[in-house]
Amino acid sequence: MNTQLLLIQVFNGLVNGAFYALLSLGLAVIFGMLRIVNFMHGALYMLGAFTAFALGQLFGLGFWPSLLLAPLLVGGVGMLLERGLLSRLYGLEPSYNLLLTFGLTLLTQDLVKQVMLGRFAVSSAPYSPPEALSGVVNLGFVVFPKYRLFVIALSLVVCLVTWFVIEKTRVGSIIRASTENPVVTRAFGIDVSRWVTGVFGVGVALAGLAGVLAAPIYSVEPYMGAELIITTFAVVVIGGMGSILGSVITGFAVGVLAAVGAAVYPPIANTLVFILMALVLLVRPSGLFGLPEGAR
Amino acid sequence: MSAAVTPTARRDPQRTVRAAWLIGLGVLLLVLPHLIYPVLALDILAWGLFAVAFDLLFGFSGLLSFGHAAFWGTSAYLTAFLLGHGQSVPVALAGGTLGALALAVPVAFLSVRSSGIYFSMITLAFAQMVSFLALQWTDLTGGENGLQGFARPSVLGLDFSNAQVRYYVCLALFALGFAVAYRTVRSPFGQAQQAVRDSENRAQSVGYNPFRFKFTAFLISATLAGLAGSMYTFGHGVVSLEVVNWRTSGEVVMMTLLGGTTTLFGPVIGAGLVLLLRDVLTTANFPVGIMTGLVFVLVVLFFRRGVVGTVQHWLRRR
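What counts as what
Residues numbered from 1 in each chain as written. Chains lettered and ligands numbered in written order. Predicted model: local features only at pLDDT ≥ 70, side-chain atom pairs only at ≥ 80, totals over all residues. Heavy atoms only, no water. Axes fitted to C-alpha atoms, helices over the stretch in contact; angles between N-to-C directions. Helix = DSSP H or I, 4+ residues; strand = E, 2+ residues; numbered from the N terminus. Parallel < 35°, antiparallel > 145°, perpendicular 65-115°, else oblique. Left-handed = near helix turned anticlockwise from the far one by under 90°. Contact = heavy atoms within 4.5 Å. Nonpolar A, V, L, I, M, F, W, Y, C, P; charged D, E, K, R; others polar. Phe/Tyr/Trp six-rings, centres within 6.5 Å; stacked < 30°, edge-to-face > 60°. Buried < 20%, exposed > 50% of the residue type's maximum accessible area, 1.4 Å probe, protein only. Lys NZ or Arg CZ within 6 Å of the ring centre and 35° of its normal. Salt bridge = Lys/Arg side-chain N within 4 Å of Asp/Glu carboxyl O. Expected span 1.5 Å × (residues − 1). Buried area = accessible area lost by both parts, 1.4 Å probe. Polar contact = N/O pair within 3.5 Å; in protein donor to acceptor, adjacent residues only side chain to side chain.

### Examining the packing of helix H11 (residues 272–283) of chain A against helix H5 (residues 116–136) of chain B
Where H11 of chain A meets H5 of chain B, the axes come as close as 9 Å, and the angle between the chain directions of the two elements is 140°. Here H11 of chain A lies oblique to H5 of chain B, going by the angle between them. Relative to H5 of chain B, the crossing made by H11 of chain A is left-handed. Along the contact surface, H11 of chain A presents Phe274, Ile275, Met277, Ala278 and Leu281 of chain A, while H5 of chain B presents Ile122, Ala125, Phe126, Gln128, Met129 and Phe132 of chain B. Split by residue class, the contact of H11 of chain A with H5 of chain B holds 10 nonpolar, one polar and no charged.

### Description of the packing of aromatic side chains
Where two aromatic rings form a pair, the distance of their centres and the angle of their planes describe that pair. For the structure on display, the rule yields 34 aromatic pairs over all chains. Plain terms: the ring middles of Phe102 of chain A and Phe66 of chain B are 5.1 Å apart, the flat faces sit at 70° to each other, and that makes the pair edge-to-face. Taken together, the residues span two chains, with Phe102 of chain A in helix H4 (residues 94–119) and Phe66 of chain B in the loop between helix H2 (38–61) and helix H3 (69–84). Assessed through its relative accessible area of 1%, Phe66 of chain B is described here as buried. Put simply, the rings of Phe39, Phe102 and Phe233 of chain A together with Phe66, Trp246 and Phe296 of chain B pair up and form one aromatic cluster. Geometry around Phe109 of chain B places Arg113 of chain B over its ring, the cationic atom sitting 5.6 Å from the centre. Its end group placed over the ring of Trp246 of chain B, Arg247 of chain B keeps NZ or CZ at 5.7 Å from the ring centre.

### Let's talk about the pattern of salt bridges
All names here are of chain B. According to the stated counting rule, one finds five salt bridges over all chains in the structure shown. For Asp198, the salt bridge is made with Arg197, and the minimal N-O distance between the two is 3.0 Å. For Asp198, a relative accessible area of 55% puts it in the exposed group. Between Arg278 and Glu251 there is a salt bridge; the shortest N-O distance is 3.6 Å. In this pair, Arg278 sits in helix H12 (residues 265–283) while Glu251 sits in helix H11 (residues 246–259), placing the two residues 27 residues apart along the sequence. Glu251 shares its class with Arg278; the two are buried.

### Concerning helix H9 (residues 226–239) of chain A
Residue and element names in this part refer to chain A. Its 14 residues give H9 an end-to-end C-alpha distance of 20 Å, which sits within 8% of 20 Å, the value for a rise of 1.5 Å per residue. Taken across its 14 residues, H9 has 13 buried, putting it largely inside the fold. Positive backbone phi, approximately 105°, marks Gly240, located one or two places after H9.

### A word on the packing of H2 of chain B against helix H10 (residues 210–236) of chain B
Relative placement of two packed helices is described by the angle separating their axes and the distance separating the axes. All names here are of chain B. As a packed pair, H2 and H10 sit with axes 9 Å apart at the nearest point and diverge in direction by 170°. By the angle between their axes, H2 is roughly antiparallel relative to H10. Its residues assigned to classes, the contact of H2 with H10 shows 20 nonpolar, four polar and one charged.

### Looking at the interface of chain B and chain A
On the chain A side, the residues contacting the 37 residues of chain B number 45 residues. When residues of chain B are sorted by the area they lose upon contact with chain A, Tyr118, Met121 and Trp246 of chain B head the list and together hold 20% of the total. Taken together, the connections running from chain B to chain A amount to zero salt bridges. Put simply, chain B and chain A have four residue pairs in polar contact (both at pLDDT 80 or more) between them. Among the secondary structure elements, those contributing two or more residues to the side of chain B that touches chain A are helix H4 (89–111), H5, H11 and helix H13 (288–302) of chain B.

### Points about helix H7 (residues 163–186) of chain B
Given a rise of 1.5 Å per residue, 24 residues ought to cover 34 Å, and the 34 Å separating the end C-alpha atoms of H7 of chain B matches this to within 8%. Capping the start of H7 of chain B, Asn162 of chain B holds a side-chain oxygen 2.8 Å from the backbone nitrogen of Gln164 of chain B, two or three residues further along.

### Details of unusual backbone geometry
One non-glycine residue with positive phi stands out, namely Ala121 of chain A, at about 55°. Relative to the assigned elements, Ala121 of chain A resides in the loop between H4 and strand S1 (136–138). A positive phi angle, near 55°, is found at Thr262 of chain B, a position not held by glycine. Secondary-structure assignment places Thr262 of chain B in the loop between H11 and H12. The exposure class assigned to Thr262 of chain B is partly exposed, which follows from its relative accessible area of 37%.

Following this line, the structure appears as structure tokens:
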């Protein structure tokens, strides 16, 4: 195989990796802080893309305002879900969170499908990238669509900022304190449940952002998050559940490995991530960056 | 353990209740194909056994498998493949079921070392791997088209083109599978299994090896799910990618929850309710996903005991 093709595959892998990273980062934030396994993450990603599409159809909003507005709206939906539904399950087995969000996934997907068919008369819609990002850019060794490079860059920035806020700032320490010892944190005068809702909202907004970014590449479709969420779960297992840095690094790495693997042997494309997961589980059941289960 | 306890008067009511459930369910299943059309009745049997198999793992071992479609689907495909290659019905059913068991060995080995949510995600990922294989291995599975039009040659003078005949054959298989599940739960093994579920450390400290119990429970559950999957193929005469989809794994969870976990009878009732409801809604042209999702959400939020669990709870309190 020639180097040119390999490089293109690496870049394509980074694009997929950007979505894995953003999604598993959101899952890691939500799980690491709140011990909620949000199966709905894929559906919320789809909701981000759908919101961008709907904002464009209804109000003529372009890509840039949607890139800001759609994650905020989806994050808001997430906060409502946390307050209204998920908070009722705190104290029960975490499995119930998984089951509830699974049900919500089925519900959301089919609702969006009904709305798309009923209101917009389409079941799947293309979404065009903004003018400034259309066309290709010549990197000297490879020619690559501008928009895809933008996705890689923005996702990297967002991941780094999120990691920085959680690990290095006062806000991060408040969040960690709220979740590790809510009683003591409350004694310091911090409204823990409000922070919990906020964290959930941020995690969900990350999924919404990924959705808007994905819309011009994969087009908007009610089930676009369905397969992606499963791959993201595998990424989370490989990276180590709840590890912020682990999810970002593993996200990009899995994207690249799967793309390169597909170039070498095409049928393996979709299964490679699960094979990787099985191998990692054999050697390190708690994932590459995860702490052993007892230590969590 | 329970064997040491003499059946005193205090234990009797529970036994009577259990016998009543057993007889009630038995009679219901015997007359079912005369009440609704036989293929739907057969669906209830297959999904019911699938849900019982799932409950064996979830309810009695505390392991929420989100990938049981892998065993159901593998068996469904293998059964279809064997029938399509001229094998007799008993061979195809056994082949499918054993195929599910064979797949379960490595999957169980890798997944039961983890617990809780981790276990769920790992089983889900393995099931997805099976689903991709089914999509790509078109020689075996027919890919997007699935498999259909395979023969179901008659055995012992039983004409399998008749849906009623197929139903009663499956009822016998269902009874066999249900008996295995019932015996497992009520055996010393089942007691130890539940002890491991309630407190792994305590079970370990009295000398049980948690890994072995979870591993074995997983194999039994996957094998029964396989039997159910081959019943499904046998009943319908078609297999599509739907049998390995992750929504299938989720649906069996919903049926079990709706009926009531750890009740054994519940999953069958749950499967029946979901399939009947779906049958009504499909004819009414109502989107199935919305209904499924809504039932899921309502059951998890407000009805965690399920139908049979609620009735049992109510009977016990009287």
